Amino acid sequence: MSADAADAEEEAVVQRLKAQNDAFAELDRQPRTYAVHGPVRVKVHGETFDVPLTVKDVRAALPEDLRAAFDGEIDAAPPAMAGRLIRKWALEAIPGDAIDRVDVLLRAEQLAAGLGTAAA
């Protein structure tokens, strides 16, 4: 791969990460007028995922060896950090590479909030 192609690929990843961050920031600004009942099913890049978005569902989706660490962080978290911790741990339950898992989580949160469709 040429240096120019590598630079272009790196710039594309940076732009994708910025777009993800902007989208999560927008979700955080939305009023929480919705409830999530069970994992949210989304289709991203042709694959279907059941994404946990609640404390109960994230805990259930995690492998047994990660649940104690999850419980410890959630129990010690101030209210303002709870959403970030749920996102952090939900990503552990979604298969795939890091940047694609973020797309899946973002799509599930958007769907749960009534912002957009379930497929990407």
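Report on the accompanying structure.

### Here's the deal with the pairing of strand β1 (residues 40-44)
Moving residue by residue along a regular strand, the side chains alternate between the two faces of the sheet. Burial of β1 is one-sided: the residues Val40, Val42 and Val44 facing one way are buried, the residues Arg41 and Lys43 facing the other way are not. One ladder, built from 5 bridges, connects β1 with strand β2 (residues 47-51); its direction is antiparallel. If you follow Val44 over to β2, its bridge partner there is Glu47.

### Considerations on the nonpolar core
In this structure, Val42, Val51 and Leu105 are the most contacted members of the largest nonpolar core, which totals 25 residues. For this core, the elements supplying multiple residues, two or more each, are α1 (3-29), β1, β2, α3 (64-76), α4 (79-92) and α5 (98-112). Sort the elements by how many residues they give to this core and α5 lands first, with 6 residues.

Rules and cut-offs
Residues numbered from 1 in each chain as written. Predicted model: local features only at pLDDT ≥ 70, side-chain atom pairs only at ≥ 80, totals over all residues. Heavy atoms only, no water. Buried < 20%, exposed > 50% of the residue type's maximum accessible area, 1.4 Å probe, protein only. Helix = DSSP H or I, 4+ residues; strand = E, 2+ residues; numbered from the N terminus. Pairing = 2+ DSSP bridges. Core = buried A, V, L, I, M, F, W, Y, C linked by side-chain atoms within 4.5 Å.

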